[in-house]
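# What the coordinates show
Single-letter residue listing:
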Amino acid sequence: MLSFDAQSIPSPLAIRECARPRFDTDLETLKDWLTGLKTRGVRQAGPALVLVLENLRKAELSASRRITILSLMKVPVLKTCAGLPKPYSDETTTAAPGFTMEQRLGRLMFVNLDRALHQLDKEYPLPNERQQQKRLWLIRNLFRFANRQIRYATFWKKALPIGTWRDLHELHLYLSLRRINSLWDLDAQRPTVGEFDHEIEYKTLLLLGLAAKLKDSVLHSEYFMDGLPAWAAQTRLEDPHTRLSRLRLFLVEASADEAPRQLTGSLDMPFRGWVLEPPYPYIHALDDGPFSMGALGGRPLGLETL
């Protein structure tokens, strides 16, 4: 189940001058409301968008109407996030606990997109071409907003909203199982290099999250960040049953609300999730060098030795 921190919803006093639009009326009303936000500044637009997205999450609408509303709100949300103040480094150690407005907006967009995806699949078990395009739009944006959330948290050293990693793991599991079980998808071609591939997007975020845990200094390396997509394409997610008794593996626990973690000992029991096996260049980028005794012990952990 997706979750959202109710305490992060702003007080109505903060948005008293922003009338909330209804979702069951003509969409022109919503467009006019979004246009009006441009004149109010991000400090009013942010809380207003948070409340509207929270109401959208609870609203009973068709999948098509929900997707249309989200497509209208995407650009205003991104522009508002771009204009919001950032938690600069001198504030990170003294800032009050809690999530920033940008994190709240990103989290709510993900939650709404995820609900729309599940609803669309339920309403259209055999989607036509138009419905498949809507589905692809939802999946693309789910991973884009998840990417924004994780990069924001790692760069600004902020805690992620509750449920971010768990919901990402569950999304990958859902998409993988549905692809296997969906007759309409059997003839679909695998994406070519450079095209959107949700598996590569997911693995990229796993590699990013693991690096943030093991050696966050590499996140400021252009070489490392540019290399993530290619390394993700070479990364494998293996069944834990096939890696029992192996030492110092990287574990992705589907039910855990966290990035991949490094196992210090051996894997003694299977679990719900995957063993992450990145390529050697990624491992070496995290280490101090192939012959050093750095953070990873001077050899690729979680991989077989040559």
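Quick caveat, the model's predicted, so the values are computed rather than measured. (Residues numbered from 1 in each chain as written. Predicted model: local features only at pLDDT ≥ 70, side-chain atom pairs only at ≥ 80, totals over all residues. Heavy atoms only, no water.)

When its secondary structure is counted, the chain shows 10 helices and 4 strands. In the chain, the order of α-helices and β-strands from amino to carboxyl end is α-α-α-α-α-α-α-α-α-β-β-β-β-α. Looking at the 306 residues of the chain, the share that counts as buried comes to 49%. Considering only intrachain contacts with a sequence separation of at least 6, the fraction spanning at least 24 residues in the chain is 72%. (Helix = DSSP H or I, 4+ residues; strand = E, 2+ residues; numbered from the N terminus. Buried < 20%, exposed > 50% of the residue type's maximum accessible area, 1.4 Å probe, protein only. Contact = heavy atoms within 4.5 Å.)

Packing of helix H1 (residues 27–37) against helix H2 (residues 42–58) brings their axes to within 10 Å, and their N-to-C directions diverge by 155°. By the angle between their directions, the pair H1 and H2 is classed as roughly antiparallel. The crossing of H1 and H2 is left-handed. Residue-level inspection shows Trp33, Leu34 and Leu37 of H1 in contact with H2, the latter providing Ala45, Ala48, Leu49 and Val52. (Axes fitted to C-alpha atoms, helices over the stretch in contact; angles between N-to-C directions. Parallel < 35°, antiparallel > 145°, perpendicular 65-115°, else oblique. Left-handed = near helix turned anticlockwise from the far one by under 90°.)

Here strand S4 (residues 273–277) lies mainly inside the structure; 5 of its 5 residues are buried. Bridge count for strand S1 (residues 236–238) against S4 is 3 bridges, and the pairing is antiparallel. In the strand pairing of S4, Glu238 is matched with Val275. In terms of strand pairing, strand S2 (residues 250–253) meets S4 through 4 bridges, oriented antiparallel. (Pairing = 2+ DSSP bridges.)

This paragraph deals with the nonpolar core. Formed by 69 residues in total, the largest nonpolar core has its most connected members in Leu53, Leu105, Phe143, Phe224 and Tyr282. Excluding residues within four positions of it along the chain, Phe224 makes contact with Ala211, Val218, Leu219, Trp231, Tyr282, Ala285 and Leu286. Among the nonpolar cores identified, the runner-up in size contains 6 residues, and Leu249, Leu267, Phe271 and Val275 belong to it. (Core = buried A, V, L, I, M, F, W, Y, C linked by side-chain atoms within 4.5 Å.)

Further remarks concern the sheet that holds S1. In spatial order, the strands read S1-S4-S2-S3; together these 4 strands make up an open sheet with antiparallel pairing. What marks the edges here is a single partner per strand, and that holds for S1 and strand S3 (261–262).

The next point concerns the packing of aromatic side chains. A full pass over the atoms with the stated rule returns 7 aromatic pairs. The structure contains a cluster of three or more aromatic residues connected by ring pairs, namely Tyr223, Phe224, Trp231 and Tyr282. (Phe/Tyr/Trp six-rings, centres within 6.5 Å; stacked < 30°, edge-to-face > 60°.)

Mean pLDDT over the chain stands at 83; residues scoring 70 or higher make up 79%. Overall, residues 289–295 carries pLDDT values under 50, and its contacts beyond four positions in sequence, including any with other chains, amount to 11 contacts. For residues 297–306, every residue scores under 50 in pLDDT, and the model assigns this stretch 28 contacts once sequence neighbours within four places are set aside. (pLDDT = per-residue confidence, 0-100.)

Bringing unusual backbone geometry into the picture now. A positive phi angle, near 55°, is found at Lys157, a position not held by glycine. Counting through the fold element by element, Lys157 comes out in the loop between helix H6 (129–156) and helix H7 (164–181). The phi dihedral of Ser245 falls on the positive side, at around 75°, and the residue is not glycine. Inspection of the secondary structure puts Ser245 in the loop between S1 and S2. Ser245 sits in the exposed class, given a relative accessible area of 56%.

Let's shift gears to helix H3 (residues 63–83). Between its first and last C-alpha, H3 extends 30 Å over 21 residues, near the 30 Å set by a 1.5 Å rise per residue. Among the residues of H3, Ala63, Arg66, Ile67, Ile69, Leu70, Met73, Lys74, Pro76, Val77, Thr80 and Cys81 are the ones counted as buried. Packing partners of the buried residues in H3 comprise H1, H2, helix H5 (101–123) and H6. (Expected span 1.5 Å × (residues − 1).)

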